[in-house]
Amino acid sequence: MIDIYKEQNGYKNKIKELISQRFAESPPLAHVHSFGCQQNVSDSEKLKGLLAEMGYGFTDDQNEADLIIYNTCAVRENAETKVFGNIGELKHLKDKKPELIIGICGCMAQQEHIAEKIKKTYRQVDLVFGTFVLHSLPGMLYNALNNQRVFNLSQSSTEILEGVEKIRDSKIKAYVPIMNGCNNFCTYCIVPYVRGREISRKPEEIISEVKKLVSQGYKEIMLLGQNVNSYSYGFSELLREINSIDGDFIIRFMSSHPKDATPQLIDTILECNKVCKHLHLPIQAGSNRILKEMNRRYTVEDYLNIVNYARSKKPGFSFSSDIIVGFPGESYDEFLNTVDLIKKVRYDSLYTYVYSKRSGTKAAELPDNISDVQKGKWLRELLLIQREISVENFSRFIGKTITVLVDGEGKDDSSILTGRSNENIIVEFVGTPDLIGRFVKVRIIKAMNWAMLGEIV
Ligand code: SAM
Ligand code: SF4
């Protein structure tokens, strides 16, 4: 890895030189757009860090960019369709500005059939690279700037790129990946194929990153991984170490896999004052047969045991989850098991998806007799029930004063501020922009199905 860094540093210098010749007036602008999950956004922050080191500035407007990078997602088909639509539109930009460099990276780009399609059909794209070679951006970009089309789906990296000063999207909340990849091979999921096996970052690297973020004034540290509780140096130990760092900040993490969610993890969350009392614990389905078909390696009963343990220790302990509706072969009765389960757990919020067939996964081979229209109906049925549960759950806070980390202004009304409670529930209230980035005390006056309304006390 050291050699790769050396080699890439050489390319960084070459690009700096090239930029000073081609862009003498003002630095070139890069537009980096993330289409995926928090991990994907975090990778983009690293890419932007590398680009800044090479002399690039940044723009939100792709029309004025000299370099466009789309960091893509492959988890569901509609994510891929959206990216292809966007790449198609870039043709006009490239026609107007032939020196524009267009790069496609991330989980979708890591798949060979996608890279082939881009190579053949989307000639405007100069650079395609997967999730394993972020550190090689300088070399790849140098070749693209010298009119070579670059396709790099190499899976050679066995270490995580460290030492890049990320350019972060938020000044309040920071994503800190603690691991890459996934070993679980849930039968519906493409992630293990496009992100490889789990590799954990060294605790000392994570701790020093968090210390720096806290000293820069970040108020929320979000630890990221496909399955954070299989962090190989011990996740509970890591939480405790981060919790002991001095400063006024909170800690969140996602996602946790139910098969590795132990009473010890719950105890750690409850004992660490900075760790939020909320667990995102994706169940996916409420039928044991479907869970087995999904290769999730837990039963509904195992799952409820951990929920009940947490609630026995702290009655208001908050859970959220991911649900897939319409896994191949799922019957309506099995779907109703999922409905039963959400009524038992009473989640504060849910991320719900209709099953999407991903080629190369085991589930893609299974017969699937239910139409997408039918699956869509099931999903809406489930959402209606979850909305009722959310509003009833949020009512537990009415009249209470809670601490909210303020993260921005309302979309349509700048006199409204938005933030999140410790349980990760959205809270809206009237306030002034100077409160953004601060913890404030808010009394809750109303519960809705997606958020709570409050007033500053
Ligand atoms: N590693 C995390 C976990 O297991 O909880 C989740 C990562 S995945 C990027 C996020 C969510 O996407 C999953 O929890 C699942 O609900 C959903 N998902 C993954 N593959 C899917 C598929 N083929 N169709 C629909 N939803 C899918
Ligand atoms: Fe996908 Fe399962 Fe890994 Fe999550 S744990 S990333 S759902 S394979």
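None of these values were measured; they are calculated from a predicted model.

Asks: Mind showing me how you'd approach the site of ligand 1 here?
Replies: Around ligand 1, the surrounding shell holds 15 residues, and the nearest of these are Gln226, Pro282, Gln284, Asp322 and Ser356. Between ligand 1 and the protein, one listed contact pairs a nitrogen atom with a backbone N or O atom of Tyr188 at 3.0 Å. Between Ser356 and ligand 1, the recorded distance is 2.8 Å, taken from a backbone N or O atom to a nitrogen atom. For ligand 1, whose accessible area on its own is 560 Å², the fraction buried by protein is 92%. Of all elements in the fold, only strand 13 (318-325) and strand 14 (349-354) reach the threshold of two or more residues within the shell around ligand 1. Residue composition of the shell around ligand 1, by class: seven nonpolar, four polar and four charged.

Asks: Hey, could you run me through helix 11 (residues 300-313) in this one?
Replies: One turn of an α-helix holds 3.6 residues; hence residues three or four places apart share an orientation. Look at helix 11: 20 Å from first C-alpha to last across 14 residues, which is about the 20 Å you get at 1.5 Å a residue. All of the buried residues in helix 11 are Val300, Tyr303, Leu304, Ile306, Val307 and Ala310. One side of helix 11 holds all its buried residues, which, seen down the axis, span an arc of 160°. When the buried face of helix 11 is taken as reference, the exposed residues oriented beyond 90 degrees from it are Asn305 and Ser312. The secondary structure elements touched by the buried residues of helix 11 are helix 9 (263-271), helix 10 (288-293), strand 13 and helix 12 (332-345).

Asks: What is the right way to look at the side chain of Lys12 in this model?
Replies: Looking at the element boundaries, Lys12 is found in helix 1 (residues 2-22). If sequence neighbours within four positions are ignored, Lys12 has contacts with Leu50, Glu53, Met54 and Pro138.

Asks: Just to check I follow, could you spell out the sheet that holds strand 4 (residues 101-106) for this structure?
Replies: Strand pairing within a sheet occurs via backbone hydrogen bonds; the two strands may be parallel or antiparallel. Across the sheet, six strands lie side by side as 2-1-3-4-5-6; this open sheet has parallel pairing. One side of each edge strand has no neighbouring strand; the edge strands of this open sheet are strand 2 (57-58) and strand 6 (150-152). Inspection of the sheet shows strand 1 (residues 29-34) paired to strand 3 (residues 67-72) by five bridges, in the parallel sense. Within strand 3, the position partnered with His33 by the bridge is Tyr70.

Asks: Please clarify how the site of ligand 2 should be interpreted in this entry.
Replies: Around ligand 2, the surrounding shell consists of Cys182, Asn184, Phe185, Cys186, Tyr188, Cys189, Val191, Pro192, Gln226, His257 and Arg296. Counted by class, the shell around ligand 2 contains seven nonpolar, three polar and one charged residues.

Asks: In this structure, what is going on with the packing of aromatic side chains? I would like to understand it.
Replies: Two aromatic rings, taken as a pair, are described by how far apart their centres are and by the angle between their planes. Within this structure, the stated rule accounts for twelve aromatic pairs. Both rings, one in Phe235 and one in Phe253, keep their centres 5.0 Å apart while their planes meet at 75°; by these two values the pair is edge-to-face. Here Phe235, found in helix 8 (residues 235-243), pairs with Phe253, found in strand 11 (residues 250-254); they are 18 residues apart in sequence, far enough to count as distant. Note on Phe317 and Phe319: the rings are 5.2 Å apart at their centroids and 40° apart in plane angle, and the pair reads as tilted. Take Phe317 and Phe319: they sit in the same class, and that class is buried. By the ring-pair criterion, three or more aromatic residues cluster together here, those being Tyr332, Phe335 and Trp378. In this structure, Lys117 is placed above the aromatic ring of Phe84, and the distance from its NZ or CZ to the ring centre is 4.0 Å. When the ring centre of Phe151 is taken as origin, the NZ or CZ atom of Lys119, which lies over that ring, is 4.8 Å away.

Asks: Would you mind going over the side chain of His280 with me for this structure?
Replies: Note on placement: His280 falls in strand 12 (residues 278-280). Within the local environment of His280, its side chain forms a polar contact with the side chain of Ser320, the two groups lying 2.8 Å apart. Within the structure, the side chain of His280 is placed 3.0 Å from the side chain of Asp322, a separation counted as a polar contact.

Asks: Could you clarify how one ought to interpret the sheet that holds strand 12 in this entry?
Replies: Strand order in the open sheet formed by three strands is 12-13-14, with parallel pairing between adjacent strands. Looking at the sheet topology across the chains shown, the edges are occupied by strand 12 and strand 14. Shown here is a sheet whose adjacent strand axes are inclined to one another by a mean of 10°, direction ignored. Where strand 12 and strand 13 come together, three bridges link them in parallel fashion. Bridge assignment links His278 to a residue of strand 13, and that residue is Ser318. Along the sheet, helix 13 (residues 372-394) contacts strand 13 and strand 14; its crossing angle with strand 14, the most-contacted strand, is approximately 175°.

Asks: Would you explain the pairing of strand 14 in this entry?
Replies: On a regular strand, one side chain projects to one face of the sheet and the next to the other, so that they alternate. The pairing of strand 13 with strand 14 spans six bridges and is classified as parallel. Residue pairing in the sheet places Ser320 in a bridge with Ser349 of strand 14.

Asks: I would appreciate a short explanation of the packing of helix 8 against helix 9 in the present structure.
Replies: When two helices pack together, you describe them by how their axes are tilted relative to each other and by the distance separating the axes. Following both chains from N to C, one finds helix 8 and helix 9 inclined at 5°, their axes separated by 10 Å at the closest point. As summarised for this structure, helix 8 and helix 9 are arranged roughly parallel, according to the angle between their axes. Across the interface between the two elements, Phe235, Ser236, Glu237, Leu239 and Arg240 from helix 8 touch Gln264, Leu265, Asp267, Thr268 and Glu271 from helix 9. Counted by class, the contact of helix 8 with helix 9 contains three nonpolar, three polar and four charged residues.

Asks: Whenever I open this one, the nonpolar core confuses me. Can you help?
Replies: One broad rule of soluble globular proteins: the nonpolar side chains tend to lie buried together. Leu223, Phe235 and Ile242 are the most contacted members of the largest nonpolar core, which totals 67 residues. With residues up to four places along the chain from it excluded, the contact list for Ile242 reads Ile206, Ile207, Val210, Leu223, Phe249 and Ile251.

Asks: Looking at this model, I keep getting lost on the pattern of salt bridges. Mind explaining?
Replies: As a working rule, side chains carrying opposite charge can pair if their charged atoms are close by. Scanning all chains against the criterion turns up 25 salt bridges. Close ionic contact of Glu220 with Arg252 constitutes a salt bridge, the shortest N to O distance being 3.3 Å. Placement of Glu220 in strand 10 (residues 220-224) and of Arg252 in strand 11 is noted, with a sequence separation of 32 residues between them. You can call Glu220 buried: its relative accessible area is 5%.

The rules behind each value
- Residues numbered from 1 in each chain as written.
- Chains lettered and ligands numbered in written order.
- Predicted model: local features only at pLDDT ≥ 70, side-chain atom pairs only at ≥ 80, totals over all residues.
- Heavy atoms only, no water.
- Near = heavy atom within 4 Å.
- Polar contact = N/O pair within 3.5 Å; in protein donor to acceptor, adjacent residues only side chain to side chain.
- Areas by Shrake-Rupley, 256 points an atom, 1.4 Å probe, with all protein chains shown as cover.
- Helix = DSSP H or I, 4+ residues; strand = E, 2+ residues; numbered from the N terminus.
- Nonpolar A, V, L, I, M, F, W, Y, C, P; charged D, E, K, R; others polar.
- Expected span 1.5 Å × (residues − 1).
- Buried < 20%, exposed > 50% of the residue type's maximum accessible area, 1.4 Å probe, protein only.
- Arc of directions from axis to C-beta.
- Contact = heavy atoms within 4.5 Å.
- Pairing = 2+ DSSP bridges.
- Phe/Tyr/Trp six-rings, centres within 6.5 Å; stacked < 30°, edge-to-face > 60°.
- Lys NZ or Arg CZ within 6 Å of the ring centre and 35° of its normal.
- Axes fitted to C-alpha atoms, helices over the stretch in contact; angles between N-to-C directions.
- Parallel < 35°, antiparallel > 145°, perpendicular 65-115°, else oblique.
- Core = buried A, V, L, I, M, F, W, Y, C linked by side-chain atoms within 4.5 Å.
- Salt bridge = Lys/Arg side-chain N within 4 Å of Asp/Glu carboxyl O.

Any functional reading would require information beyond the geometric quantities listed.
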